[in-house]
Amino acid sequence: LSRRAATWYERAHRLGVRVQNRREIVWALLGYGSLLYGLGLYDRARPHFERVARFAARTGRRHTAAEAHHDLILLCMDMGNLAQAEEHARLAESLYPLRALRIPYLVHDCAVLLVRERHYAPALSMLRRLPLDFPRPEEAALVWATLAHAAAGAAQPERYQDAERRTLELVGL
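Keep in mind that what you see is a predicted model, and the values were worked out from it rather than measured.

Below, the discussion takes up the overall build of the protein chain. From N to C terminus, the protein chain includes nine helices and zero strands. The order of α-helices and β-strands along the protein chain, N terminus first, is α-α-α-α-α-α-α-α-α. When its C-alpha atoms are laid out on the principal axes, the protein chain stretches across 60 × 35 × 30 Å. Classification of the 173 residues of the protein chain by burial places 40% in the buried group. Considering only intrachain contacts with a sequence separation of at least 6, the fraction spanning at least 24 residues in the protein chain is 49%. A total accessible area of about 10,400 Å² is found for the protein chain, and carbon and sulfur atoms account for 53% of it. Between the averaged position of the 25 positive side-chain charges in the protein chain and that of its 19 negative side-chain charges there is a distance of 9 Å.

Here's what the structure looks like:
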(Lines give C-alpha, C1' and ligand atoms only; values in the text may rest on other atoms or scores of the structure.)
Protein backbone atom coordinates (compact mmCIF):
# COMPACT_ATOMS: atom_id res chain seq x y z
CA LEU A 1 0.00 0.00 0.00
CA SER A 2 2.78 2.45 0.88
CA ARG A 3 4.59 1.63 -2.36
CA ARG A 4 1.44 2.45 -4.30
CA ALA A 5 1.05 5.75 -2.41
CA ALA A 6 4.68 6.62 -3.13
CA THR A 7 4.11 5.99 -6.83
CA TRP A 8 1.12 8.35 -6.86
CA TYR A 9 3.02 11.09 -5.04
CA GLU A 10 5.86 10.79 -7.55
CA ARG A 11 3.39 10.97 -10.44
CA ALA A 12 1.64 13.99 -8.91
CA HIS A 13 5.00 15.73 -8.54
CA ARG A 14 6.01 15.06 -12.14
CA LEU A 15 2.61 16.20 -13.40
CA GLY A 16 2.80 19.37 -11.27
CA VAL A 17 6.21 20.15 -12.73
CA ARG A 18 4.99 19.44 -16.27
CA VAL A 19 2.01 21.81 -15.98
CA GLN A 20 3.95 24.28 -13.79
CA ASN A 21 1.46 24.08 -10.92
CA ARG A 22 3.48 25.14 -7.88
CA ARG A 23 0.76 24.28 -5.40
CA GLU A 24 0.54 20.69 -6.64
CA ILE A 25 4.33 20.36 -6.66
CA VAL A 26 4.43 21.41 -3.01
CA TRP A 27 1.57 19.15 -1.95
CA ALA A 28 3.08 16.15 -3.72
CA LEU A 29 6.44 16.70 -2.03
CA LEU A 30 4.82 17.25 1.38
CA GLY A 31 2.64 14.18 0.97
CA TYR A 32 5.54 11.99 -0.05
CA GLY A 33 7.70 13.33 2.76
CA SER A 34 4.91 12.69 5.26
CA LEU A 35 4.46 9.17 3.95
CA LEU A 36 8.17 8.42 4.35
CA TYR A 37 8.21 10.05 7.79
CA GLY A 38 5.23 7.96 8.88
CA LEU A 39 7.04 4.83 7.73
CA GLY A 40 10.04 5.79 9.86
CA LEU A 41 12.25 6.49 6.83
CA TYR A 42 13.54 9.75 8.27
CA ASP A 43 16.65 10.06 6.10
CA ARG A 44 14.53 9.70 2.97
CA ALA A 45 11.75 12.03 4.21
CA ARG A 46 14.01 14.89 5.18
CA PRO A 47 15.07 16.03 1.68
CA HIS A 48 11.42 16.29 0.63
CA PHE A 49 10.56 18.66 3.49
CA GLU A 50 13.75 20.67 2.91
CA ARG A 51 12.93 20.95 -0.79
CA VAL A 52 9.41 22.19 0.02
CA ALA A 53 10.80 24.74 2.48
CA ARG A 54 13.23 26.13 -0.11
CA PHE A 55 10.76 26.04 -3.00
CA ALA A 56 7.94 27.62 -0.99
CA ALA A 57 10.17 30.39 0.38
CA ARG A 58 11.59 31.09 -3.09
CA THR A 59 8.09 31.34 -4.61
CA GLY A 60 6.64 33.59 -1.90
CA ARG A 61 4.71 30.94 0.01
CA ARG A 62 5.96 31.84 3.48
CA HIS A 63 3.21 29.97 5.32
CA THR A 64 3.93 26.75 3.44
CA ALA A 65 7.67 27.19 4.04
CA ALA A 66 6.90 27.65 7.74
CA GLU A 67 4.88 24.42 7.78
CA ALA A 68 7.72 22.52 6.11
CA HIS A 69 10.21 23.84 8.68
CA HIS A 70 7.71 22.93 11.40
CA ASP A 71 7.64 19.35 10.08
CA LEU A 72 11.44 19.40 10.04
CA ILE A 73 11.51 20.30 13.76
CA LEU A 74 9.75 17.06 14.59
CA LEU A 75 11.74 15.04 12.07
CA CYS A 76 15.07 16.34 13.39
CA MET A 77 14.01 15.62 16.98
CA ASP A 78 13.10 12.06 15.98
CA MET A 79 16.50 11.75 14.32
CA GLY A 80 18.17 13.01 17.52
CA ASN A 81 19.53 16.16 15.92
CA LEU A 82 18.35 18.83 18.36
CA ALA A 83 20.59 21.58 16.99
CA GLN A 84 19.02 21.31 13.55
CA ALA A 85 15.55 21.08 15.12
CA GLU A 86 16.31 24.39 16.85
CA GLU A 87 17.31 25.99 13.56
CA HIS A 88 14.09 24.84 11.88
CA ALA A 89 12.12 26.18 14.86
CA ARG A 90 13.69 29.60 14.34
CA LEU A 91 12.90 29.50 10.64
CA ALA A 92 9.30 28.36 11.18
CA GLU A 93 8.75 31.08 13.76
CA SER A 94 10.11 33.74 11.41
CA LEU A 95 7.94 32.57 8.49
CA TYR A 96 4.56 31.89 10.09
CA PRO A 97 2.11 34.80 9.95
CA LEU A 98 1.26 36.12 13.43
CA ARG A 99 -2.27 34.78 13.32
CA ALA A 100 -1.48 31.38 11.82
CA LEU A 101 -3.59 28.57 13.24
CA ARG A 102 -0.47 26.41 13.67
CA ILE A 103 1.25 28.81 16.10
CA PRO A 104 0.03 26.98 19.25
CA TYR A 105 1.36 23.73 17.78
CA LEU A 106 4.69 25.39 17.04
CA VAL A 107 4.86 26.68 20.62
CA HIS A 108 4.18 23.17 21.93
CA ASP A 109 6.76 21.59 19.66
CA CYS A 110 9.36 24.19 20.68
CA ALA A 111 8.56 23.42 24.31
CA VAL A 112 9.08 19.71 23.60
CA LEU A 113 12.45 20.62 22.08
CA LEU A 114 13.36 22.57 25.22
CA VAL A 115 12.33 19.61 27.41
CA ARG A 116 14.51 17.28 25.34
CA GLU A 117 17.39 19.71 25.83
CA ARG A 118 16.61 19.71 29.59
CA HIS A 119 15.64 23.41 29.65
CA TYR A 120 12.62 22.75 31.84
CA ALA A 121 11.90 26.22 33.24
CA PRO A 122 11.68 27.97 29.83
CA ALA A 123 9.55 25.08 28.51
CA LEU A 124 7.24 25.41 31.50
CA SER A 125 6.91 29.12 30.87
CA MET A 126 5.93 28.49 27.23
CA LEU A 127 3.39 25.82 28.15
CA ARG A 128 1.67 27.62 31.02
CA ARG A 129 -1.30 28.98 29.04
CA LEU A 130 -1.10 26.72 26.03
CA PRO A 131 -3.66 24.03 27.01
CA LEU A 132 -6.41 26.61 26.52
CA ASP A 133 -5.55 26.68 22.79
CA PHE A 134 -6.24 22.94 22.38
CA PRO A 135 -9.96 22.18 22.78
CA ARG A 136 -9.69 18.60 21.46
CA PRO A 137 -9.02 16.23 24.39
CA GLU A 138 -6.34 14.21 22.58
CA GLU A 139 -4.34 17.35 21.78
CA ALA A 140 -4.84 18.89 25.23
CA ALA A 141 -3.68 15.61 26.82
CA LEU A 142 -0.44 15.82 24.87
CA VAL A 143 0.14 19.42 25.99
CA TRP A 144 -0.61 18.58 29.64
CA ALA A 145 1.77 15.58 29.44
CA THR A 146 4.53 17.83 28.12
CA LEU A 147 3.75 20.31 30.89
CA ALA A 148 3.99 17.50 33.46
CA HIS A 149 7.39 16.50 32.08
CA ALA A 150 8.63 20.10 32.21
CA ALA A 151 7.28 20.58 35.76
CA ALA A 152 8.98 17.40 36.94
CA GLY A 153 12.26 18.51 35.38
CA ALA A 154 11.92 21.95 36.95
CA ALA A 155 11.35 20.36 40.37
CA GLN A 156 7.83 21.74 40.75
CA PRO A 157 5.93 18.78 42.25
CA GLU A 158 2.58 20.55 42.65
CA ARG A 159 2.52 21.64 39.03
CA TYR A 160 3.62 18.17 38.00
CA GLN A 161 0.82 16.51 39.96
CA ASP A 162 -1.80 18.89 38.57
CA ALA A 163 -0.59 18.37 34.99
CA GLU A 164 -0.42 14.60 35.49
CA ARG A 165 -3.99 14.54 36.86
CA ARG A 166 -5.28 16.59 33.93
CA THR A 167 -3.43 14.38 31.45
CA LEU A 168 -4.94 11.23 32.88
CA GLU A 169 -8.43 12.77 32.93
CA LEU A 170 -8.13 13.71 29.28
CA VAL A 171 -6.65 10.37 28.24
CA GLY A 172 -9.72 8.75 29.80
CA LEU A 173 -11.91 10.64 27.36
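To continue, consider the packing of aromatic side chains. In this structure the tally under the stated criterion is three aromatic pairs. Between Y105 and F134, the aromatic rings sit 4.9 Å apart at their centres with planes inclined by 80 degrees, giving edge-to-face as the arrangement. Of this pair, Y105 sits in helix α6 (residues 103–116) while F134 is found in the loop between α7 (120–127) and α8 (137–153), placing the two residues 29 residues apart along the sequence. With a relative accessible area of 24%, Y105 lands in the partly exposed category. With a relative accessible area of 4%, F134 lands in the buried category. Across from the ring centre of W8, 4.7 Å away, lies the NZ or CZ of R11, which sits over that ring. The aromatic ring of Y105 is capped on one face by R102, whose charged end is 4.4 Å from the ring centroid.

Here the focus is the packing of α6 against α8. One can describe the packing of α6 onto α8 by two numbers: an axis separation of 10 Å at closest approach and a directional angle of 30 degrees. With respect to α8, the element α6 is oriented roughly parallel. In this structure, α6 crosses over α8, and the sense of that crossing is left-handed. Facing α6, whose interface residues are Y105, H108, V112 and V115, α8 presents E139, L142, V143, T146, H149 and A150.

Once that is clear, we can look at helix α3 (residues 42–58). Here α3 spans 24 Å end to end across 17 residues, near enough to the 24 Å set by a 1.5 Å rise per residue. Within α3, the full set of buried residues consists of A45, R46, H48, F49, V52, A53, F55 and A56. Buried residues in α3 make contact with α2 (22–38), α4 (62–79) and α5 (82–95).

So, how was this worked out
Residues numbered from 1 in each chain as written. Predicted model: local features only at pLDDT ≥ 70, side-chain atom pairs only at ≥ 80, totals over all residues. Heavy atoms only, no water. Helix = DSSP H or I, 4+ residues; strand = E, 2+ residues; numbered from the N terminus. Buried < 20%, exposed > 50% of the residue type's maximum accessible area, 1.4 Å probe, protein only. Contact = heavy atoms within 4.5 Å. Areas by Shrake-Rupley, 256 points an atom, 1.4 Å probe, with all protein chains shown as cover. Lys, Arg positive; Asp, Glu negative; His and termini not counted. Charge placed at Lys NZ, Arg CZ, Asp CG, Glu CD. Phe/Tyr/Trp six-rings, centres within 6.5 Å; stacked < 30°, edge-to-face > 60°. Lys NZ or Arg CZ within 6 Å of the ring centre and 35° of its normal. Axes fitted to C-alpha atoms, helices over the stretch in contact; angles between N-to-C directions. Parallel < 35°, antiparallel > 145°, perpendicular 65-115°, else oblique. Left-handed = near helix turned anticlockwise from the far one by under 90°. Expected span 1.5 Å × (residues − 1).

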